[in-house]
Amino acid sequence: MRRLGFLIRKEFISFRRNKFLPRLIFVFPIVIMLIVPLVSNMEVRGVRVAVVDEDDSQMSHVIVSHIEACSSLSIVLMGQSYREALSSLEQGRVDVIVSLPPDMERLLMNGLLPKIRIDANSVNSTKSAIGTQYVVAAITSGIAEMGVIAMAADMARITSVRYFYNETLDYRHYMIPAFIIIIVLLVCCFIPALNLVSEKEKGTIEQINVTPVTRMEFTLSKLIPYWLIGIVVLTEAILTVGVVYGLWPTGSVGAIYLAAMLFAFAMSGFAIAVANISDTMQQCIFVLFFFIMLFMLMSGLLTPLSSMPQWAQWLTVMFPPRWFVQIMRAVYLRGTTIAELSSAYWALTALAMSFGVLAAVSYRKQS
Amino acid sequence: MVKDNVIEVCGLTKRFGAFTAVDGISFAVARGEIFGFLGANGAGKTTAMRMLCGLSYPTDGRGSVAGYDVMTQGEQIKRYIGYMSQRFSLYEELTVKENMELFGGIYGMRRSEIRHRTDELLQQIEFAAHAGERVGRLPLGWRQKLAFMVAMIHKPEIVFLDEPTGGVDPITRRQFWTLIRHAATAGTTIFVTTHYMDEAAFCDRVSIMVDGRIKALDTPASLMQQMQARNMNEVFVKLCR
C-alpha cells in the first residue's frame with residue numbers, strides 16, 4: 001500500500017500541472033449552476049389563444065376578460081369566424097381556440113348547458129394539456145363570476161390546494177438537485193477515464209505494467225483523486241445554488257456528502273472499467289457517452305421513473321444515478337434522513353463496490 | 001565457468017490470429033552478459049521482449065526470466081527486471097526527480113534509498129543539475145539516457161532495452177553504450193535490441209531474428225567469421241536477404 005501513496009502523489013502533481021483540468025474543475029460547476037437553472041423551465045407560458053365569440057354577450061365578455069387576466073394566456077385573435085381561427089391554428093400562430101356558441105348566455109341563464117368548444121394544437125402535449133386547463137379554469141371562473149350556475153361558483157369555493165416542499169411550484173427547485181447530479185456525473189466519468197486512456201495513448205501505462213504494481217493499487221490511484229475532485233465539484237455546486245438561488249439543502253449536508261461519495265466512487269469505477277477496455281480516446285468517449293445518455297434519461301433525472309415500463313424500471317436498479325437522484329431530491333427538498341432512505345444508500349454502496357471491483361478486474365497488465 | 005542463466009527460452013511462440021509474430025525461438029542469456037537481440041523491422045523482436053517482461057502471454061513454448069516462468073509468474077519477474085520501451089514512456093509532466101521517486105516507490109524502495117540512488121544515477125549521466133526539470137522539455141538524447149537510468153533505479157537483475165538509441169546522435173549513442181557497459185560490469189544482464197550494426201559489435205553475443213525465427217546466435221566475431229563478412233552489417237544483410 002506504500003506504492004499507492006506514490007501513485008496518488010503522481011496523479012495530483014499531473015493534475016496540478018495540467019493547463020486545462022484545474023480551471024475546468026473550478027469554472028464548469030459554477031457556470032453550469034448559474035446558467036442552466038435559469039434556462040431550463042417546464043412551466044407553460046405564453047399560450048396563444050384565439051377566441052371565436054359568436055355570442056357577443058355580457059357573459060362572453062366576462063369570460064374573455066378572465067382569459068386575458070391569466071398571465072399564462074394571451075389572446076392573439078378575436079373574431080367571430082371559426083374558420084379563420086382554425087387556419088391560424090394550422091399555420092401555427094395559435095395554440096388554443098375557444099369557441100363561445102351564439103346562444104351561450106341565454107342557455108346558461110335558463111339553467112341549460114351550452115357547448116363551449118376548445119381546440120388545441122397538441123404537438124407539444126404538455127403545453128396543450130396545461131394550456132387547455134388554464135382556459136377551462138378561466139371560463140369556469142368567468143361563469144362563476146356571473147353567478148349563473150351555483151355549482152360553478154361552489155366548485156371554485158370548495159376546492160383548495162396546498163403545495164408542500166416546493167410552495168412556489170418552482171420547477172427550478174425540483175431540477176437543481178438534478179443538475180448538481182449531472183455535473184458530478186460528468187466530472188467523475190470523463191476525467192478519470194480520459195486520463196487513463198491518455199496513459200495508454202502516450203505509452204506511460206506500459207512502463208507501469210512492467211512493474212510489480214498490483215491491479216488494485218493502480219486502479220485505486222485513478223479512483224481516489226477523482227473521487228476527491230467529485231466532492232470538490234459538489235461543494236462548489238451546492239454553494240453556488242445556495243448563494244444565487246437561495247436553495248440550501250433542507251436535510252443534512254452529511255447525508256448528501258455520504259451519498260455523493262458513494263455515487264462518485266461508483267461512477268468513476270464504471271468509467272475506469274470502460275477506459276480499460278478502450279484502446280483509443282474516441283472509443284472511450286463514445287462508449288461513455290452512450291451510457292451517460294442512458295443514465296440521464298433513465299434515472300428519473302428528467303422524467304419520473306414511475307412512468308417508465310416495468311422492465312425499464314428494473315433495469316435502472318443497476319444505474320447509480322437512479323439512487324443518487326432519489327436521495328438528492330428527498331434530502332435537498334424534503335429533508336429526508338439517511339435512515340429513511342437506507343435502501344437507496346445500500347444500493348449505492350453495493351454499486352460502488354461492484355464497479356470498483358469491475359474497474360480493477362478489467363485492468364490487464366499482461367495481454 | 002559456472003553456467004548461470006538468467007533468461008532461458010525454449011520454443012517461445014506468439015501468434016496473433018493467423019499471423020505468427022514469434023515462431024518457436026530458443027536461447028539462453030547468462031548473468032552479466034550483454035545480449036544483442038537483432039532483426040529487421042517487424043521481425044518479432046519487440047513481441048519476444050514483451051513476452052519476457054510479462055507484458056504479453058506466450059501462445060506456446062516455455063521461458064524463464066530471473067528464475068520465474070513467463071507464462072504464470074509474470075508479476076514475480078517484474079520485481080527483478082527493468083524495461084525501457086521503444087516509445088518514451090516516462091511521465092512528461094513530472095520532473096526528472098519526480099519520475100525517479102515514482103518508480104523507486106513503485107518498486108517498494110524507501111525514500112532515503114530512492115534519494116541516494118537518484119543522486120548516484122544522475123551523477124553517472126552528469127545530469128544532477130537538471131533534476132528539477134520537467135521530462136517533457138528535455139531533448140531526445142537526454143530522455144533516452146534518463147529512461148535507462150529510471151529502468152535501473154531498483155538495481156534489477158536484467159534490463160530490457162528496446163531500441164534505446166533510435167534517433168539519437170552518434171555522440172550520445174557512444175555515451176549510452178558506455179552506460180550499458182558500466183551496468184553490465186556491475187553485474188546487470190543487458191538484453192538490448194538495435195538497428196545499428198556497429199552497436200552489435202559491442203555485445204557479448206548477438207542473435208539475429210528473421211521473420212519470427214532466430215537465424216543466427218553467436219559472438220559477433222565468430223558470426224563474421226562464419227559468414228565471411230568484414231563487419232556485422234554484412235552479416236546482417238546476408239542473413240536477412
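Residues numbered from 1 in each chain as written. Chains lettered and ligands numbered in written order. Predicted model: local features only at pLDDT ≥ 70, side-chain atom pairs only at ≥ 80, totals over all residues. Heavy atoms only, no water.

The next point concerns the overall build of chain A. The helix and strand tally for chain A stands at 15 helices and 4 strands. Rg of the C-alpha trace for chain A: 28 Å, well past the compact-globule value of 21 Å for 367 residues, more than 25% over. Over its C-alpha atoms, taken along the principal directions, chain A stretches across nearly 95 × 45 × 40 Å. With 367 residues in all, chain A has 50% of them scored as buried. Pairs at least 24 residues apart make up 76% of the contacts formed inside chain A by residues separated by at least 6 positions. Of note, chain A has its 28 positive side-chain charges centred 19 Å away from the centre of its 24 negative side-chain charges. (Helix = DSSP H or I, 4+ residues; strand = E, 2+ residues; numbered from the N terminus. Rg over C-alpha atoms; globule rule 2.2 N^0.38 Å. Buried < 20%, exposed > 50% of the residue type's maximum accessible area, 1.4 Å probe, protein only. Contact = heavy atoms within 4.5 Å. Lys, Arg positive; Asp, Glu negative; His and termini not counted. Charge placed at Lys NZ, Arg CZ, Asp CG, Glu CD.)

Our focus in this paragraph is the domain arrangement of chain A. In terms of domains, chain A is made up of domain 1 (2–40 + 171–361) and domain 2 (47–158). A separation of 49 Å is found between the C-alpha centroids of domain 1 of chain A and domain 2 of chain A. (Domains from an automatic or database assignment.)

Glancing now at the environment of Tyr-345 of chain A. Topologically, Tyr-345 of chain A is positioned in helix 15 (residues 342–361). Tyr-345 of chain A sits 246 residues away from Ser-99 of chain A along the chain, and the two C-alpha atoms are 54 Å apart.

This brings us to the environment of Gln-76 of chain B. Position of Gln-76 of chain B among the secondary structure elements: in helix 2 (residues 74–80). Gln-76 of chain B sits 22 residues away from Gly-54 of chain B along the chain, and the two C-alpha atoms are 9.0 Å apart.

Residues and elements named next belong to chain A. Restricting attention to buried positions, one finds in helix 4 (residues 82–90) the residues Ala-85, Ser-88 and Leu-89. With its buried residues spanning 100 degrees around the axis, helix 4 presents them on a single face. For helix 4, the exposed residues set more than 90 degrees away from the buried face come down to Arg-83 and Glu-90. The inward-facing, buried residues of helix 4 contact strand 1 (47–53), strand 2 (73–79), strand 3 (96–100) and strand 4 (117–120). Backbone geometry just downstream of helix 4 places Gly-92 in the positive-phi region, at approximately 80 degrees. (Arc of directions from axis to C-beta.)

This brings us to the packing of helix 2 (residues 21–39) of chain A against helix 10 (residues 215–245) of chain A. Residue and element names in this part refer to chain A. At a minimum axis distance of 9 Å, the contact between helix 2 and helix 10 shows a crossing angle of 40 degrees. On the basis of their axis angle, the class for helix 2 and helix 10 is oblique. Like other packed secondary-structure pairs, helix 2 and helix 10 cross with a definite hand, here right-handed. Contact with helix 2, carried on its side by Ile-25, Phe-26, Pro-29, Ile-30, Met-33, Leu-34, Ile-35, Pro-37 and Leu-38, involves Ile-229, Val-233, Glu-236, Ala-237, Thr-240, Val-241, Val-244 and Tyr-245 of helix 10 and no other residues of that element. For the contact of helix 2 with helix 10, a count of residues per class yields 15 nonpolar, 1 polar and 1 charged. (Axes fitted to C-alpha atoms, helices over the stretch in contact; angles between N-to-C directions. Parallel < 35°, antiparallel > 145°, perpendicular 65-115°, else oblique. Left-handed = near helix turned anticlockwise from the far one by under 90°. Nonpolar A, V, L, I, M, F, W, Y, C, P; charged D, E, K, R; others polar.)

Residue and element names in this part refer to chain A. With 20 residues, helix 15 extends 28 Å between its outermost C-alpha atoms, agreeing within 8% with the 28 Å of an ideal straight helix rising 1.5 Å per residue. If you check which residues of helix 15 are buried, you get Ala-344, Tyr-345, Ala-347, Leu-348, Leu-351, Ala-352, Phe-355, Gly-356, Ala-359 and Ala-360. On the buried face of helix 15, the contacting elements are helix 10, helix 11 (253–277) and helix 14 (320–334). (Expected span 1.5 Å × (residues − 1).)

Turning our attention to the nonpolar core. Residues Ile-180 of chain A together with Phe-148 of chain B are the most contacted members of the largest nonpolar core, which totals 137 residues. The biggest single contributor to this core is helix 8 (residues 171–202) of chain A, with 19 residues. Aside from chain neighbours lying at most four places away, what touches Phe-148 of chain B is Met-84, Val-159, Leu-161, Phe-176, Leu-179, Ile-180 and Ala-183 of chain B. By size, the runner-up hydrophobic cluster in this structure holds 29 residues, among which are Val-210 of chain A together with Phe-27, Ala-48 and Ile-81 of chain B. (Core = buried A, V, L, I, M, F, W, Y, C linked by side-chain atoms within 4.5 Å.)

Listed as interface residues are 26 residues of chain A and, on the opposing side, 35 residues of chain B. Across the chain A to chain B interface the summed buried area is about 2,900 Å²; carbon plus sulfur atoms make up 52%. Counting the surface chain A buries against chain B, the share from its top three residues, Phe-6, Gln-207 and Gln-366 of chain A, is 25%. The interface formed by chain A and chain B holds 4 salt bridges in total. For the salt bridge of Arg-17 of chain A with Glu-98 of chain B, the shortest nitrogen-to-oxygen distance reads 2.8 Å. Our count for the contact surface shared by chain A and chain B stands at 19 residue pairs in polar contact (both at pLDDT 80 or more). (Buried area = accessible area lost by both parts, 1.4 Å probe. Salt bridge = Lys/Arg side-chain N within 4 Å of Asp/Glu carboxyl O. Polar contact = N/O pair within 3.5 Å; in protein donor to acceptor, adjacent residues only side chain to side chain.)

A few words on the packing of helix 10 of chain A against helix 15 of chain A. Residues and elements named next belong to chain A. Where helix 10 contacts helix 15, the two axes come as close as 8 Å, and the packing angle between them is 120 degrees. It follows from the interaxial angle that helix 10 and helix 15 lie oblique. Helix-helix and strand crossings are classified by hand; for helix 10 and helix 15 the assignment is right-handed. Counted together, Arg-215, Met-216 and Thr-219 of helix 10 and Ala-359, Ala-360 and Val-361 of helix 15 form the full contact between these two elements. A breakdown of the residues in the contact of helix 10 with helix 15 according to their chemical character gives 4 nonpolar, 1 polar and 1 charged.

Okay, the pairing of strand 8 (residues 189–194) of chain B next. Residue and element names in this part refer to chain B. Counting buried positions along strand 8 yields 6 of 6 residues, so the element is predominantly enclosed. Side chains of strand 8 alternate between two faces, with Thr-189, Phe-191 and Thr-193 and Ile-190, Val-192 and Thr-194 buried alike. Here strand 7 (residues 158–162) pairs with strand 8 via 5 bridges, running parallel. Paired with Asp-162 across the two strands is Thr-193, which belongs to strand 8. (Pairing = 2+ DSSP bridges.)

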